[in-house]
Amino acid sequence: MIIYLKGNDYHFETENVSRLFLPQEKITPVVVDAFPTSVPEGIVAFCTTEAEMVSCRLTLDSFDETLKETAVSYADQELVLCTLLYRLLAKLLGFTHDWGLITGVRPVKLLRRLIGEMGETDAAAYFRERLLVSDHKYALCHQTLKAENEVLALSRPDSFSLYVSIPFCPTRCDYCSFVSQTVVQAGKLIPAYVDSLCRELAYTGQLVKELGLRLETVYFGGGTPTTLSAEEMERVLRAVEDHFDLSTVREYTVEAGRPDTVTPEKMAVLHAAGVGRVSINPQTLQQPVLNAIGRKHTVEQFYDAFSLARQYGFSNVNTDLIAGLPGDSFDGFCDTLERICALDPESVTVHNLSMKRASNMVIQHREDFEAQDEAVNMVRYSAGRLPAAGYQPYYLYRQSRMVGNQENVGWAKPGYEGLYNVYIMDETHTILACGAGAVSKLKQPGTEYLERIFNYKFPYEYNAGLDEMLRRKTAVMDFYAKYCKTARDGL
């Protein structure tokens, strides 16, 4: 698809809107002074802004239609143009999307801002009438907003969360695009990585003490943190305990995402260290689907891992599922969800499969966007079944190239919301991150201003460049000194 832009440079949003309908197409925006005299083959959009008038023409073979509308202001031009393009693509291709024009990651945060600016009634109207969001997606977004607000109210100006990255997995799942290393590839790096990580945690803890910050949540992610041995995990957990004040911590989470990494020894170590929340993620309970996506574990191993978590005293367990996996069916997804509900975990996160460019599925050209209707039905079913089982939505986000263009939703029983998930998605307060691939996000209290500190992505880079990582971390002190008057008094 080619998008010609005359009188504007709205290439980013017009491309994103087009990708809602054409996820597999190459989309090329071109800024021009004049449109070409002959129409190229394929889908072509001619997008014009001239004073208050906005127009969009869409052509493909015998389809050739134009929509025009007056923009009330210069700031309104982009939204009007995207709306016209959306409507023409919907007419050409014969379908619309539940999320309408929303292409961003954080629709809940957008709704919160709009309510603050124009009030709840007008914000609801804007979502439905200007952004073309369906009634049921608006209702989901609004319900999530109410749950998020209760979590956000717990954060203080001096709050922060700690993220610990363990970028290793037993094997690489075919849908995954994270910077993680398989044990086969990088197992020999793990001992040195644990040493380096403990050093970074010690240094970060010292910065926190000097600033007088208050730790709210701790989150071990990856990768799969439980890829570490029980002894290695115990070392990292002890480093957190030794260098951070855990007395204020409201939530301590470790992802034990791959059931084949969960052992009695590791569960004992996590529980003894004060970890209160674990995530054990089957993604599906259909064995043929697990095999097809490269999950090298069985359904029975998931049940065993879940049982171990309960045996070792974990009363806050999350499970992740993915809607739209290759080879899965609507009936298979419903069966998985019923079996999960029967286990009665405290929270269930339902992801909509995203076809990331760096995933094996995309690299090997195994995209299956034809399954988008099935994925939509899966997500819609979960949105009805989970509330019936006592779960409420507490956080929500979206990604690009989702099969069916739905959303990822965290569902929890009241009182078991994943606090870190809300804080990281809302960008509520500072997140100090340690480990390879980790990104610290420094938040100026009372504003939307953020600064980021990037760690090296790969474990071998991280091990070799630890001194540089620690040097970069000095920016934490500079940030608080600059944006909080003094490191302590301004918080």
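Coordinates for the structure precede this section.
My aim in this report is to walk through the structure given alongside it, one point at a time.

**Focus on the overall build of the protein**
Secondary structure assignment for the protein yields 18 helices and 18 strands. The globule rule puts the C-alpha radius of gyration for 491 residues at 23 Å, and the 24 Å found for the protein is close to it. C-alpha atoms of the protein, sized along the principal axes, occupy 70 × 55 × 45 Å. Within the protein, counting contacts between residues at least 6 apart in sequence, those at least 24 apart form 72% of the total. For the protein, the distance from the average position of its 49 positive side-chain charges to the average position of its 63 negative side-chain charges is 3 Å.

**Some words on the sheet that holds strand S5 (residues 63-70)**
Across the sheet, five strands lie side by side as S2-S1-S3-S4-S5; this open sheet has mixed pairing. Both edges of this open sheet fall to strand S2 (28-32) and S5, since each of them pairs with a single strand only. On average, each strand axis in the sheet is tilted by 15 degrees relative to the strand beside it, whichever way the strands run. The pairing of strand S1 (residues 2-6) with strand S3 (residues 44-50) spans five bridges and is classified as parallel. Note on S3: the bridge partner recorded for Leu-5 is Cys-47. Relative to the sheet, helix H1 (residues 11-21) contacts S1 and S2, its axis offset from that of S1 by approximately 150 degrees.

**With respect to the pairing of strand S4 (residues 53-60)**
With seven bridges joining them, S3 and S4 adopt antiparallel strand pairing. Looking at S4, one finds that Thr-49 is bridged to Val-54. Linking S3 to S4, which pair antiparallel, is a turn of two residues; within it Ala-51 sits at a positive phi near 55 degrees. Where S4 meets S5, eight bridges bridge the pair, whose relative direction is antiparallel. In the strand pairing of S5, Leu-60 is matched with Phe-63. In this structure, the hairpin formed by S4 and S5 is closed by a connection of two residues, where Asp-61 is found at a positive phi of approximately 55 degrees.

**Things to note about the environment of Ala-268**
Tracing the sequence through the fold places Ala-268 in helix H9 (residues 264-272). Residue Ala-268 is classed as partly exposed on the basis of its relative accessible area of 31%. Separated by 178 residues in the primary sequence, Ala-268 and Gly-446 place their C-alpha atoms 40 Å from one another.

**Details of helix H17 (residues 466-473)**
Those residues of H17 lying buried are Leu-466, Met-469, Leu-470 and Lys-473. One side of H17 carries all its buried residues, which in axial view fall inside an arc of 95 degrees. Projecting away from the buried face of H17 at angles above 90 degrees are the exposed residues Asp-467 and Arg-471.

**Examining the packing of helix H12 (residues 330-343) against helix H14 (residues 372-388)**
Taken N-terminus to C-terminus, the directions of H12 and H14 make an angle of 25 degrees; their axes are 9 Å apart at the nearest point. Comparing their axes, H14 and H12 come out roughly parallel. At the point where H12 passes H14, the crossing takes the right-handed sense. Contacts from Phe-330, Phe-333, Cys-334, Leu-337, Glu-338 and Cys-341 in H12 reach Glu-374, Asn-377, Met-378, Tyr-381, Ser-382, Arg-385 and Leu-386 in H14.

**Quick notes on the nonpolar core**
In a soluble, globular protein the nonpolar side chains are often hidden away together inside. One finds Met-1, Leu-58, Leu-162, Leu-201 and Phe-220 to be the most contacted residues of the largest nonpolar core, which totals 119 residues. Here this core gets eleven residues from one element, more than from any other, and that element is helix H2 (residues 77-93). The contact partners of Met-1, leaving out residues within four places of it in the chain, are Ser-18, Leu-22, Glu-25, Lys-26, Ile-27, Thr-28, Ile-43, Ala-45, Leu-58, Leu-85 and Leu-89.

**Some details on the side chain of Lys-109**
Note that Lys-109 resides in helix H3 (residues 107-118). A residue is classified by how much of its surface remains accessible, and Lys-109, at 18% relative accessible area, is buried. Of the polar contacts made by the side chain of Lys-109, one reaches the backbone oxygen of Asp-426; its length is 2.9 Å. At a separation of 3.0 Å, a polar atom in the side chain of Lys-109 contacts the side chain of Glu-427.

**Things to note about the pattern of salt bridges**
Tallying each qualifying case throughout the model produces 28 salt bridges. Two residues, Arg-258 and Asp-260, come together in a salt bridge whose shortest N-O distance is 3.2 Å. Glu-346 serves as the salt-bridge partner of Arg-310, at 3.0 Å between the closest nitrogen and oxygen. On the criterion of sequence distance, the pair formed by Arg-310 in helix H11 (residues 299-311) and Glu-346 in the loop between H12 and strand S13 (347-352) is long-range, its members being 36 residues apart. By relative accessible area, which is 29% here, Arg-310 ends up partly exposed. Accessibility expressed as a relative area gives 10% for Glu-346, which makes it buried. Salt bridges here are not isolated pairs; linked through shared partners, they connect Arg-106, Lys-109, Glu-427, Glu-448 and Arg-452.

**Focus: the side chain of Gln-406**
For Gln-406, the location among the structural elements is in the loop between strand S14 (392-397) and strand S15 (408-412). A relative accessible area of 2% places Gln-406 in the buried class. Reaching out from Gln-406, the side chain makes a polar contact with the backbone oxygen of Gly-404 at a distance of 3.1 Å.

Criteria and cut-off values
- Residues numbered from 1 in each chain as written.
- Predicted model: local features only at pLDDT ≥ 70, side-chain atom pairs only at ≥ 80, totals over all residues.
- Heavy atoms only, no water.
- Helix = DSSP H or I, 4+ residues; strand = E, 2+ residues; numbered from the N terminus.
- Rg over C-alpha atoms; globule rule 2.2 N^0.38 Å.
- Contact = heavy atoms within 4.5 Å.
- Lys, Arg positive; Asp, Glu negative; His and termini not counted.
- Charge placed at Lys NZ, Arg CZ, Asp CG, Glu CD.
- Pairing = 2+ DSSP bridges.
- Axes fitted to C-alpha atoms, helices over the stretch in contact; angles between N-to-C directions.
- Buried < 20%, exposed > 50% of the residue type's maximum accessible area, 1.4 Å probe, protein only.
- Arc of directions from axis to C-beta.
- Parallel < 35°, antiparallel > 145°, perpendicular 65-115°, else oblique.
- Left-handed = near helix turned anticlockwise from the far one by under 90°.
- Core = buried A, V, L, I, M, F, W, Y, C linked by side-chain atoms within 4.5 Å.
- Polar contact = N/O pair within 3.5 Å; in protein donor to acceptor, adjacent residues only side chain to side chain.
- Salt bridge = Lys/Arg side-chain N within 4 Å of Asp/Glu carboxyl O.

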